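Breakdown of the fold
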Amino acid sequence: MRLPVRTLATVPLALAVALNLPTVSGTSIHPARHETDAGPDSSSHVFPILKWLRDTAVEVVFGKPSTRAKSLRPGAQIHTRYRNDVVVRFNVTSSEEEGALAKATEQMFLDIWAFTPDYVDIRLDKDDVSALRTLLPDSLQPSVLIPDVAAAVWATYPSTVVEKSRLESSMVDAAKLGILDEGLGNIFFTDYQTLPVITSWMRLIEAMFPSMAKMTSIGKSYEGRDIYAMRLGVRTGKEAKGPRKTILITGGLHGREWISTSSVTYLLWSVVTSYGNEQSITKLLEELDVVFIPVLNVDGYEYTWQTDRLWRKSRQQTKMRVCRGFDLDHAFGYEWDAVKHQSDPCSESYGGDEPFQAVEASALAKWAKNETEYGAKFVAFLDLHSYSQQVLFPYAYTCSVDPPNLENLEELAVGLAKTMRLSRGEPYTVTSACEGAMARSYSESNSVPRIETAGGSAIDWFYLTTSSQQGEETLSAFKYLADYLLGNNGIEKSVLQQQSGQWKDLKRRKR
């Protein structure tokens, strides 16, 4: 039975959005080289006192900028570490092929980059391709997707550190001029940013928008770093205090997925600067809170900048000294199955030997439970990943059980995917998170191994336990979600929609 539209705001929603990972050109948020940026601030000649006040505020938040640019690229160690690595793709067409590939990848401890209903992408040493093929049926033939992983990794690093004063100047100018589309002119989004820069940037957002933005730490990582979150919301009158319905948006569960972190920060910036300009965003922030966590796996993210760009897991010590880290997306407690769960600490999908053994997953769960105990209600959860282009909805642990509001989840996921396609022309597939390469034939009675274990996922835990998308396209998807939660079924007009006309076909649905 189809639920009335008016009840959608009270139905728990959980989605995982997998973004396309740029392999050579850096971020997909319009990267630009710093050398070609605009010249000095022309306003300094007209308003020198204002410029001095602004720069002083910058130094208070960021500290004095370095006079010398510092390279962030690790240099020759990248080529040494990844010089023989390639990414190959297997087109899987049967459950038998999926089972053989799952066994082989587990046996060889291979790094699975993506598994979809159509293909599986795997990173490995090119000298190991022949050995892998001996473990697979003849029908599975790999094609080389990325022939030079080292070059692709090298391209994701920024050439130099952005001077913090220029970064702040760009942000302030964008806010003053109302530059809401594309993030153009904002230096922060021209490259991926380090954890310290992201933290300072979040503090600045809080300082620039004190009436609607509040920065907080949801807990500590294994290595003692704060896991920061930004809460956006506008409260007036009787609702000035107390809990509200809440949307949670996370990124960086896997350290190497920098685009997920950049997408969360871009979304945060776009939403906070859209208040008062975009009708749907304004209404949303006046009725709900939105919490952004750009980097959950802070230790892993830091490690990707300092040591290993392709590190995926956390940095927590495991039962095997030489194999550190937990896969945070398999570390939550819902439908944890010790028999089916990956038990080898050396595996990229190892979530621990018991639920919430990973410090960061435990911190997020404790924070969320504390929020609900004080009356907050999570009405939507978006978890951004890379590198495939998918919108996934619960359940992840099984395909044999449907969530109670499956039709609403499918409708929302399809709407999000379509909106992102209209925004940037990139197609996104929509499917249940349980589905592997051949999940359509998967069931509980099927003993064929899956490409990746599915228990303990974040979206399942949030969907059931707490219930009481790249830059521009993710923003468009968020606006669609905002309309959906506000009961407009994704069709409320905004200024941007009226200008672009991209959302006209979304009006086809009637209540």
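This text follows the structure it describes.
Overview of the structure.

Omega for the bond connecting Pro 394 with Tyr 395 falls within 30 degrees of zero, at 5°, which places this linkage in the cis form. On the secondary structure map, Tyr 395 appears in the loop between strand 11 (390-393) and helix 12 (406-424). Phi angles above zero are rare outside glycine, and Phe 356 is one such case at about 60°.

Here we take up the nonpolar core. Core analysis: the biggest nonpolar cluster contains 107 residues, and Leu 232, Ile 247, Leu 248, Ile 249, Phe 292 and Leu 364 have the highest contact counts within it. Setting aside chain neighbours within four positions, we find Leu 232 in contact with Met 212, Ala 213, Leu 268, Val 271, Val 272, Leu 285, Leu 288, Asp 289, Val 290 and Phe 292. With 17 residues, the next largest nonpolar core counts Phe 90, Ala 100, Leu 101 and Ile 112 among its residues.

With that out of the way, let us pick up the pairing of strand 8 (residues 245-250). Across the 6 residues of strand 8, 5 count as buried, placing the element largely inside the fold. Pairing geometry for strand 8 and strand 9 (residues 289-293), over 5 bridges, is parallel. The residue bridging Thr 250 from the neighbouring strand is Ile 293, located in strand 9.

Spatial strand order, 3-4-2-5: 4 strands in an open sheet with antiparallel pairing. The open sheet has two edge strands with one neighbour each: strand 3 (111-115) and strand 5 (143-146). Averaged over all pairs of adjacent strands, the angle between their axes in this sheet comes to 35°, without regard to strand direction. Note: strand 2 (residues 85-90) against strand 4 (residues 120-125), 6 bridges, orientation antiparallel.

Scoring rules and cut-offs
- Residues numbered from 1 in each chain as written.
- Predicted model: local features only at pLDDT ≥ 70, side-chain atom pairs only at ≥ 80, totals over all residues.
- Heavy atoms only, no water.
- Helix = DSSP H or I, 4+ residues; strand = E, 2+ residues; numbered from the N terminus.
- Core = buried A, V, L, I, M, F, W, Y, C linked by side-chain atoms within 4.5 Å.
- Buried < 20%, exposed > 50% of the residue type's maximum accessible area, 1.4 Å probe, protein only.
- Contact = heavy atoms within 4.5 Å.
- Pairing = 2+ DSSP bridges.
- Axes fitted to C-alpha atoms, helices over the stretch in contact; angles between N-to-C directions.

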